[in-house]
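Here is how the chains run, residue by residue.
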Amino acid sequence: MTQRRLAEVAAKVGVSEATVSRVLNGKPGVSDATRSAVLTALDVLGYERPTQLRGERARLVGLVLPELQNPIFPAFADVVGNALAQRGFTPVLCTRTAGGVTEAEYLELLLEQHVSGIVFAGGLYAQKDASHGHYQQMMARKLPAVLVNAAIDDLAFPRVSCDDAVAVEQAYGHLVSLGHKRIGAVLGPPDHVPSQRKLQAIEKCGGADVEHAMFSLEGGQAAATKLVQRGVTAIICASDPLALGAIRAVRRAGLDVPKDVSIIGYDDSAFMTCTDPPLTTVRQPIEAMGRAAVELLANQISGNAVAPDELLFEPELVVRASSAPAR
């Protein structure tokens, strides 16, 4: 293996190049966990294992995502994939698409691959009206799993969530401090648990003109168009793509962001500093959340008892140029 590849594997695992070299040459003095992590890093980076090590099958973990169009999900996959590799696991990425493989079908495929556990992000557990039978099947099998972001109440899995109520309080408070009184909000579907939490927080903050939408740029544009027609001067959105759709709606109405209407997103996904204008948004701490999810999963796989509790992570308001004082 070249020096550059050796350095790349070492950086992926967080060990020295000498340690990687000892693993590849079958030398002693390396823990089993580190050895597994190095071999997994070879798989993840697409490098062939040395001939004498090819018979060892890496431990697999499913990572089930709803989509890859919203940049927050590839970013989360990157954090979780790296954290898994450092613990000697190989991530298996499963992405739901409209009319494609369902979450339940992905579960069957992962079970056939004898995965050690599964991390779900943005799954059907967040939709009250969706089918949840496959989660009951996982609970019956005692398959280690972690759910990322808010879920329905009757699923006994550990959860890692960003605090939706605090996110709304930060965004709403920012707009009020700028003098806005006619505030609107674009949230996800009515049965979406994180959006329900945001709605409750909005009502506690003083209320807003609320529209529900599918999580897409087009959904955000359609919902925001109605809000602009009703005269709001600021819009809080439940995702960055929704916020980008809202900016488009304001401009199609012949108005300016932020001079006429302020827009706030949610996630702080990639490239939000490059939008026009750069987007004010509420940042999810995906690095900390992803690593916590992997730690919870690894503890379950190791046989340790993990309570089915929800860990709430604090979001952070990032003020850029899409919010300004009310006219």
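Scoring rules and cut-offs
Residues numbered from 1 in each chain as written. Predicted model: local features only at pLDDT ≥ 70, side-chain atom pairs only at ≥ 80, totals over all residues. Heavy atoms only, no water. Domains from an automatic or database assignment. Buried < 20%, exposed > 50% of the residue type's maximum accessible area, 1.4 Å probe, protein only. Helix = DSSP H or I, 4+ residues; strand = E, 2+ residues; numbered from the N terminus. Pairing = 2+ DSSP bridges. Right-handed = clockwise from strand over helix to strand, strands pointing away. Axes fitted to C-alpha atoms, helices over the stretch in contact; angles between N-to-C directions. 1 Å grid on protein atoms, 1.4 Å probe; cavity = no way out; pocket = protein on both sides within 12 Å on 5 of 7 lines; lining within 4 Å. Points joined across faces, edges and corners; volume = space filled by probe spheres on them. Nonpolar A, V, L, I, M, F, W, Y, C, P; charged D, E, K, R; others polar. Expected span 1.5 Å × (residues − 1). Polar contact = N/O pair within 3.5 Å; in protein donor to acceptor, adjacent residues only side chain to side chain. Core = buried A, V, L, I, M, F, W, Y, C linked by side-chain atoms within 4.5 Å. Contact = heavy atoms within 4.5 Å. Salt bridge = Lys/Arg side-chain N within 4 Å of Asp/Glu carboxyl O.

As a further point, take the domain arrangement of the chain. Splitting the chain by domain gives domain 1 (3-45), domain 2 (59-162 + 286-314) and domain 3 (164-284). A C-alpha centroid distance of 45 Å is found between domain 1 and domain 3.

For strand E1 (residues 59-65), the tally of buried residues reaches six of seven residues, placing the bulk of the element in the interior. Note: E1 against strand E2 (residues 89-95), seven bridges, orientation parallel. Directly across from glycine 62, in E2, lies its bridge partner valine 92. In this view, the connection linking E1 to its parallel neighbour E2 by way of helix H4 (residues 72-86) has right-handed handedness.

With parallel pairing, six strands are arranged side by side in an open sheet as E2-E1-E3-E4-E5-E11. Among the strands making up the open sheet, the edge pair consists of E2 and strand E11 (310-313). Between one strand axis and the next, the sheet turns through 20° on average, direction left out of account. Pairing of strand E3 (residues 117-121) with strand E4 (residues 145-148), which is carried by four bridges, proceeds in the parallel orientation. Paired with alanine 121 across the bridge in E4 is valine 148.

In this section: unusual backbone geometry. Keep in mind that most residues, glycine aside, have a negative phi and that most peptide bonds are trans. Looking along the chain, the bond that leaves valine 257 and enters proline 258 is cis, with omega of 10°. By the secondary structure assignment, proline 258 is in the loop between helix H10 (240-252) and strand E9 (262-267). Look at the link from aspartate 276 to proline 277: it is a cis peptide, with omega at -5°. Among the secondary structure elements, proline 277 is positioned in the loop between E9 and strand E10 (280-283). The phi torsion at aspartate 268 lies on the positive side, around 55°, for a residue other than glycine. Relative to the assigned elements, aspartate 268 resides in the loop between E9 and E10. A positive phi angle is found at phenylalanine 271, which is not glycine, with a value near 75°. Checked against the element boundaries, phenylalanine 271 lands in the loop between E9 and E10.

Remark: the empty space left among the atoms is shown by a probe the size of a water molecule rolled over them. Counting across every chain of the model gives one cavity of 30 Å³ or more. For the largest cavity, the calculated volume is near 40 Å³. As for the largest cavity, its lining consists of Ala167, Val168, Ala171, Lys198, Ile236, Cys237, Gly265, Tyr266 and Val282. At the level of secondary structure, the elements contributing two or more residues to the lining of the largest cavity comprise helix H7 (164-177), strand E8 (234-237) and E9. In terms of residues, the lining of the largest cavity owes the most to one element, H7, which gives three residues. Here the lining of the largest cavity is composed, by residue class, of seven nonpolar, one polar and one charged.

Once that is clear, we can look at H7. With 14 residues, H7 ought to run about 20 Å at 1.5 Å a step, and its terminal C-alpha atoms sit 20 Å apart, in line with that. Regarding H7, the residues found buried are Asp164, Val166, Ala167, Val168, Ala171, Tyr172, His174 and Leu175. The distance from a side-chain oxygen at the start of H7 to the backbone nitrogen of alanine 165 is 3.1 Å, and the residue carrying that oxygen is aspartate 163.

As a volume, the largest pocket reaches approximately 1200 Å³. If you go around the largest pocket, you meet 47 residues; those closest to its centre are Pro66, Glu67, Phe73, Gly122 and Phe215. Within the residue set of the lining of the largest pocket, elements represented by two or more residues are H4, helix H5 (103-112), helix H8 (193-205), E9 and helix H11 (286-301). In terms of residue class, the lining of the largest pocket is made up of 25 nonpolar, 16 polar and six charged. The residue makeup of the lining of the largest pocket includes at least three contributed by each of domain 2 (59-162 + 286-314) and domain 3 (164-284).

Further remarks concern the nonpolar core. Across soluble globular proteins, nonpolar side chains show a tendency to be buried alongside one another. With 59 residues, the main nonpolar core has Phe76 and Tyr125 as its most contacted residues. For this core, the two domains that each supply at least three residues are domain 2 (59-162 + 286-314) and domain 3 (164-284). Aside from chain neighbours lying at most four places away, what touches tyrosine 125 is Phe120, His132, Tyr135, Leu147, Val148, Asn149, Ala150, Ala151, Ile152 and Leu155. Core analysis: the next-biggest nonpolar cluster, separate from the first, contains 26 residues, Leu227, Ala246, Ile247 and Ala249 among them.

Our next topic: the pattern of salt bridges. As enumerated under the stated definition, the model contains 13 salt bridges in all. The partner of arginine 4 in a salt bridge is glutamate 8, with the nearest N and O atoms 3.8 Å apart. Here arginine 4 pairs with glutamate 8, and both are found in helix H1 (residues 3-13), just four residues apart, close to one helical turn. Exposure remark for arginine 4: the relative accessible area of 59% places this residue in the exposed category. Glutamate 310 is the salt-bridge partner of arginine 197, the closest N and O atoms lying 2.9 Å from each other. Taken together, the positions of arginine 197 in helix H8 and glutamate 310 in strand E11 put the pair 113 residues apart, joining distant regions of the chain. Among the residues examined, arginine 197 registers a relative accessible area of 24% and is labelled partly exposed.

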